[in-house]
Amino acid sequence: MGCLRAKEGKSREFKEAVTNSFLKTVSAFANYGGGTILFGVDDRGHAVGLADPVQSCLDIENKINDSIVPQPPHSLAEHEADATVELKVSTGRTKPYFYRSKAYKRSDSATIEVDA
């Protein structure tokens, strides 16, 4: 599949599949500056695609709704051409946003827990 010609950073994360690991990053983006998570993309920025992007959107939405408190502002977009999904998370107004009772922030391209 194609190359996105971008790299991970403070406001961009790549995930090859939809697993719970992205939820820490959603917390971080909602708490500090917002950002984008691209699903179906490898660590080098190459689109590898998702088997079912429509179902992946539903899974992502459900995971956010079930796991992040309060609900962060976000939007999902399915890209049919390369079978990827784009999740945009905006900085929220009702901070902090918690995943499993912990808040997170981005440090370069890593997501780390925030101390009280």
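Residues numbered from 1 in each chain as written. Predicted model: local features only at pLDDT ≥ 70, side-chain atom pairs only at ≥ 80, totals over all residues. Heavy atoms only, no water.

Student: I tried to follow the side chain of Asp42 on my own but got confused; where do I start?
Tutor: Along the chain, Asp42 turns up in the loop between strand S2 (35–39) and helix H2 (53–67). Here Asp42 falls in the buried class, since its relative accessible area comes to 8%. Within the structure, Asp42 has its side chain in polar contact with the backbone nitrogen of His46 (distance 2.9 Å). Residues within four places of Asp42 in sequence aside, it is in contact with Phe14, Glu16 and Val48. (Helix = DSSP H or I, 4+ residues; strand = E, 2+ residues; numbered from the N terminus. Buried < 20%, exposed > 50% of the residue type's maximum accessible area, 1.4 Å probe, protein only. Polar contact = N/O pair within 3.5 Å; in protein donor to acceptor, adjacent residues only side chain to side chain. Contact = heavy atoms within 4.5 Å.)

Student: What am I meant to see in unusual backbone geometry here?
Tutor: Keep in mind that most residues, glycine aside, have a negative phi and that most peptide bonds are trans. Between Val69 and Pro70 the backbone carries a cis peptide bond, its omega angle lying at -10 degrees. By secondary structure assignment, the location of Pro70 is in the loop between strand S3 (68–69) and strand S4 (74–79). The linkage connecting Lys95 with the following residue, Pro96, adopts the cis geometry, with an omega of -5 degrees. Following the sequence through the fold, Pro96 ends up in the loop between strand S5 (84–89) and strand S6 (98–99). Although it is not a glycine, Ser101 adopts a positive phi angle of roughly 65 degrees.

Student: Whenever I open this one, the sheet that holds S3 confuses me. Can you help?
Tutor: Two orientations exist for strands paired in a sheet by backbone hydrogen bonds: parallel and antiparallel. Taken in spatial order, the four strands make up an open sheet running S3-S6-S7-S8, and their pairing is antiparallel. At either end of the open sheet lies a strand with only one pairing partner, and these are S3 and strand S8 (110–113). As defined by bridge partners, strand S7 (residues 102–107) adjoins S8 across four bridges and the pair is classed as antiparallel. Residue pairing for S8: Tyr104 is matched across the bridge by Glu113. Each of S3, S6, S7 and S8 touches helix H1 (residues 22–31); the most contacted strand, S7, lies at about 80 degrees to it. (Pairing = 2+ DSSP bridges. Axes fitted to C-alpha atoms, helices over the stretch in contact; angles between N-to-C directions.)

Interpretation note: all reported values are geometric properties and have no functional meaning in isolation.
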